[in-house]
Structure formats: structure tokens, C-alpha cells
Amino acid sequence: MAHTQTNFGIVTERGMRRFTIFDTDNLTVLHQINTPSYDYIDVAITSDCSRAVLSAFNDERLVQVDLTQDPPQVIDD
């Protein structure tokens, strides 16, 4: 992902069934990625910013996202 050198955040949008990656400096959306209908509620980012993990509470599921790809790709579903 081209923006790994900048400040970015990731939020889950449960009602929209997607997660959004945004630039925290100017609050612009960088990517919006659709997910299956799982109940994603939280996101963690690795310290090197290469991966994100989304957690689904009701489905008891973790999904990994490769942030080095452009666009980012779900790699473990």
C-alpha cells in the first residue's frame, strides 16, 4: 500500500459490511474494502503496519488483511 509511510487508521463499518482505511493527517479515505456479512467490531494493526487483523465478536472470527498490497487484500478469511 503506497501510504504505509504516512499516518493512517482503519475503522470497521459494521452496518456497511466493510472496513475503511483513511489518512489521519487530512481525514481522507484511502480504501474501502467490502467484507462478508460477519460481525466485525475491532481492528488491530501490526507494529510494522504490514498487516491488520479484524475481529468478529458473534462469529468468533479473526481475519487478516495484507496492507502491503495496493489495494489491501484480505488474506485469511
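For the structure, see preceding data.
Keep in mind that what you see is a predicted model, and the values were worked out from it rather than measured.

What counts as what
Residues numbered from 1 in each chain as written. Predicted model: local features only at pLDDT ≥ 70, side-chain atom pairs only at ≥ 80, totals over all residues. Heavy atoms only, no water. Core = buried A, V, L, I, M, F, W, Y, C linked by side-chain atoms within 4.5 Å. Buried < 20%, exposed > 50% of the residue type's maximum accessible area, 1.4 Å probe, protein only. Helix = DSSP H or I, 4+ residues; strand = E, 2+ residues; numbered from the N terminus. Pairing = 2+ DSSP bridges. Contact = heavy atoms within 4.5 Å.

Visitor: Sorry, what's going on with the nonpolar core here?
Guide: Generally speaking, nonpolar side chains in soluble globular proteins are found buried as a group. The biggest cluster of nonpolar side chains holds 13 residues, and the ones touching the most others in it are Ile10, Phe19, Ile21, Ala52, Leu54, Val65 and Leu67. Breaking this core down by element, the ones donating at least two residues are strand 1 (8–13), strand 2 (18–23), strand 4 (40–45), strand 5 (51–56) and strand 6 (61–66). If one sorts the elements of this core by residue count, strand 5 sits on top with three residues.

Visitor: Just to check I follow, could you spell out the pairing of strand 2 for this structure?
Guide: Burial analysis of strand 2 places six of its six residues in the buried class, which makes it a mostly covered element. Residues Arg18, Thr20 and Phe22 of strand 2 are buried on one face, and the alternating residues Phe19, Ile21 and Asp23, pointing to the opposite face, are buried as well. In terms of strand pairing, strand 1 meets strand 2 through six bridges, oriented antiparallel. Across the sheet, residue Thr12 finds its bridge partner in strand 2, namely Phe19. In the sheet, strand 2 pairs with strand 3 (residues 28–34) via six bridges, with the strands oriented antiparallel. The partner of Arg18 across the bridge, within strand 3, is Asn34. Hairpin remark: strand 2 followed by strand 3, antiparallel, with four residues in the connecting loop; positive phi at Leu27, about 60°.

Visitor: I tried to follow the environment of Val29 on my own but got confused; where do I start?
Guide: Examined against the element boundaries, Val29 turns out to sit in strand 3. Distance from Val29 to Phe8, taken between C-alpha atoms, is 9.5 Å for residues 21 residues apart in sequence. Excluding anything up to four places from it in sequence, Val29 contacts Thr20, Ile21 and Phe22.

Visitor: Quick question: what am I supposed to make of the pairing of strand 5 here?
Guide: In summary, the side chains of a regular strand alternate between the two faces of the sheet. Of the two faces of strand 5, only the one carrying Ala52, Leu54 and Ala56 is buried; Arg51, Val53 and Ser55 on the other face are not. Looking at chain direction, strand 4 and strand 5 are connected through five bridges and run antiparallel. Within strand 5, the residue paired with Val43 across the bridge is Leu54. Counting the residues between successive antiparallel strands, the hairpin from strand 4 to strand 5 contains five residues, one of them, Cys49, with a positive phi of roughly 60°. Relative to strand 6, strand 5 runs antiparallel, the two sharing six bridges. Of the residues in strand 6, the one forming a bridge with Ala56 is Arg61.

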